[in-house]
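Residue-level structural notes
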Amino acid sequence: MTAILKLLPGKDKTIKARHPWIFAGAVGELIGRAKPGDTVDVVAANGRPLARAAFSPESQIRARVWTFDVNETIDHAFFKRRIGAAIARREALPELRGQQGLRLIHAESDGLPGITADRYGDTVVVALTSAGAEKWRDAIVDTIYKTTSCARIYERSDASARSREGLAPVVGWRVGEASTDDLVITENGVKMSVDIIAGHKTGFYLDQRDNRRRVGELSANKRVLNCFCYTGGFSLQALEGGASEVISVDSSGPALATAQRNLALNPQLDATCAIWHEADVFADLRARHSANEKFDLIVLDPPKFAPSAAHADRAARAYKDINLQAMKCLNPGGMLMTYSCSGGITVAHFQQIITDAATDAARTVRILHRVQGAADHPVDVAFPEGEYLKGLLLQVD
Ligand code: SAH
């Protein structure tokens, strides 16, 4: 018998709006027995069926909705349908067809809570971060293998989110096996190595693909500063776009070492134009301003300062600080490509932070483009948390 998760009176609004998370505070009672990851029938306080969801007793997100169709069965065939639909969404977009690095499954926003899958050539990296995803591992891996005809699948289920679900980290090959030393993808004409074993996330920030291309398009004959450069994604695009000089800053020595290896993979790029600098960006920007250094284009792609709304205030101060310092280091008419990948900072809040920075910098700042993650990172409008990456291309006079 499927257990029933009965909500408290008045707590069915978000689920009626097709938001997939049921918080512990909305739950009245669990009728029957359910283990972590088991499918439960979610009903309103008056007993009206609302959804089928994966139960997660340890998490504040007590259940994640698989389907709002109360008659849909959650089984292997369900995952075939949902994963097939996610992959078809990518195939329908010309800009995504043929990409060697591609997000195939974007969790909640693809109707698959807790499930992420990224393809790098013929290797797929899957990350499972919820109790429900954990339970269906075999069906998920089998479906990805059969639907993509990839050669191998590596599991990178080591995100910190798993601990909130009471799950230990799990990593390893699920299908096939290969040395990962030479895993390289081409993105916008530039070769990038992908460290699926030890790199961030599944090894690479695929969400910035379009934005890196845009930076390349803006870089001809420009002096570029790429802050938080990681493995050099934006830096190499700037070089490809003809930048006269690209200074890249990151606090991680290993990331910078990979960035330099990536540069060497691209003999078409002029390595003499690239400078790599291991430093804290907050201090580095201040030092550059004090030294009166000026740039034509600055990229700010920091890590997530606010994982949730609870961290928003502190994060806002950090975002304002780096944006203010960067504005001070721009030549008049210079461009600032600035991002926040914090789920806890909304698009409107980010723009306000930029406005405050512009006021303090006493510069006129214009928004030329509002940008987001690439189309293989869709945003379900019912799930605003999915809109984590927001960016602005600014011109600073
Ligand atoms: N722009 C990159 C992704 C950035 S990830 C890309 O396109 O691939 C964030 C990076 O910020 C990481 O490489 C991390 O090492 C670095 N980082 C975090 N805090 C930092 C700090 N205070 N100063 C410098 N780098 C920092």
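Structure first, text after, so check above.
This text gives an overview of the structure that appears in the document. Since this is a predicted model, take the numbers as computed values, not measurements.

1. Points about helix H9 (residues 281-290)
Along H9, the residues classified as buried are Val-281, Asp-284, Leu-285 and Arg-288. Buried residues of H9 fall within an arc of 95 degrees about the axis and therefore sit on the same side. Taken together, the buried residues of H9 touch strand E14 (223-227), strand E15 (245-250), strand E16 (274-278), strand E17 (295-300) and helix H10 (312-328). Positive backbone phi, at 60 degrees, marks Asn-292, one or two positions downstream of H9.

2. Things to note about the nonpolar core
Ranked by internal contacts, the top residues of the largest apolar core, which has 38 residues, are Tyr-120, Ile-196 and Trp-276. At the level of secondary structure, the elements contributing two or more residues to this core comprise strand E13 (190-193), helix H7 (233-240), helix H8 (253-264), E16, E17 and strand E18 (330-340). For this core, the leading source of residues is H7, giving four residues. Both domains that furnish three or more residues to this core are identified here as domain 2 (76-175) and domain 3 (184-396).

3. Focus: the site of the ligand
Around the ligand, a shell composed of 16 residues is seen, among which Asp-250, Ser-251, Asp-280, Val-281 and Asp-301 lie nearest. Backbone polar atom of Phe-228 to a nitrogen atom of the ligand: 3.2 Å apart, as the coordinates give it. At 2.9 Å from a nitrogen atom of the ligand is found a main-chain nitrogen or oxygen belonging to Val-281. Compared with its free state, where it exposes 580 Å², the ligand has 89% of that area covered by protein.

4. Examining the environment of Thr-73
Note that Thr-73 resides in the loop between strand E6 (61-67) and helix H2 (76-91). Along the chain, Thr-73 and Arg-52 lie 21 residues apart, while their C-alpha atoms are 8.5 Å from each other. Those residues in contact with Thr-73 that lie beyond four places of it in its chain are Arg-52, Phe-78 and Arg-81.

5. Points about the state of the cysteines
Taken as a whole and assessed by the stated rule, the structure comprises zero disulfides. Cysteine Cys-227 remains unbridged, with the sulfur of Cys-329 as its closest cysteine sulfur at 8.4 Å. Looking at Cys-227, the relative accessible area reads 0%, which means it is buried. Lacking any disulfide linkage, Cys-273 is separated from the closest cysteine sulfur, that of Cys-229, by 16 Å. Accessibility expressed as a relative area gives 14% for Cys-273, which makes it buried.

6. Overview of the packing of H9 against H10
At a closest axis distance of 9 Å, the pairing of H9 and H10 adopts a crossing angle of 25 degrees. On the basis of the axis angle, H9 is roughly parallel to H10. For the pair H9 and H10, the crossing hand works out as left-handed. When H9 is examined against H10, the residues Val-281, Phe-282, Leu-285, Arg-286 and His-289 are found in contact with a partner set consisting of Ala-318, Asp-321, Ile-322, Gln-325, Ala-326 and Lys-328. Looking at the contact of H9 with H10 residue by residue, the classes come out as six nonpolar, two polar and three charged.

Conventions used here
- The residue count restarts for each chain, going from 1 along the sequence in the order it is written.
- Per-residue local features are limited, in this predicted model, to residues with pLDDT of at least 70; the limit for side-chain atom pairs, both in listing and counting, is 80 or more; totals at the level of whole chains, interfaces and linings are taken over all residues.
- With hydrogens and water set aside, each side-chain value is computed from the structure's full complement of heavy atoms.
- Throughout this description, buried means an accessible area under 20% of the type-specific maximum (1.4 Å probe, protein chains only), exposed means over 50%, and partly exposed covers the range between.
- In DSSP terms, a helix is any run of H or I states spanning at least four residues, a strand is any run of E spanning at least two, and both are numbered starting from the N terminus.
- What the arc measures is the spread of directions leading from the helix axis to the C-beta atoms.
- Between two residues, a contact is recorded if the distance between any of their heavy atoms is within 4.5 Å.
- Take the buried residues of types Ala, Val, Leu, Ile, Met, Phe, Trp, Tyr and Cys, join any two whose side-chain atoms come within 4.5 Å, and each joined set is a nonpolar core.
- Segmentation into domains, and thus their bounds, comes from an automatic or database assignment.
- Consider each residue's heavy atoms; a residue with any of them within 4 Å of a molecule or strand counts as near.
- In the analysis that follows, any N or O atom pair within 3.5 Å is treated as a polar contact, provided that within protein one partner can donate a hydrogen and the other can accept it, and provided that, for residues neighboring in sequence, both atoms belong to side chains.
- Note on areas: these come from Shrake-Rupley sampling with a 1.4 Å probe, and a residue is covered only by the protein chains present in the view.
- Throughout, a disulfide means two cysteine sulfur atoms within 2.5 Å of one another.
- Between the N-to-C directions of two axes lies an angle of 0 to 180 degrees, each axis being a line fitted to C-alpha atoms and, for a helix, fitted only over the stretch in contact.
- Angles are sorted into four bins: roughly parallel if under 35 degrees, roughly antiparallel if over 145, roughly perpendicular if 65 to 115, and oblique for all others.
- Crossings are assigned a handedness: left-handed for a near helix turned anticlockwise from the far helix by less than a right angle, right-handed for a clockwise turn.
- Classification convention: Asp, Glu, Lys, Arg as charged; Ala, Val, Leu, Ile, Met, Phe, Trp, Tyr, Cys, Pro as nonpolar; all other residues, Gly among them, as polar.

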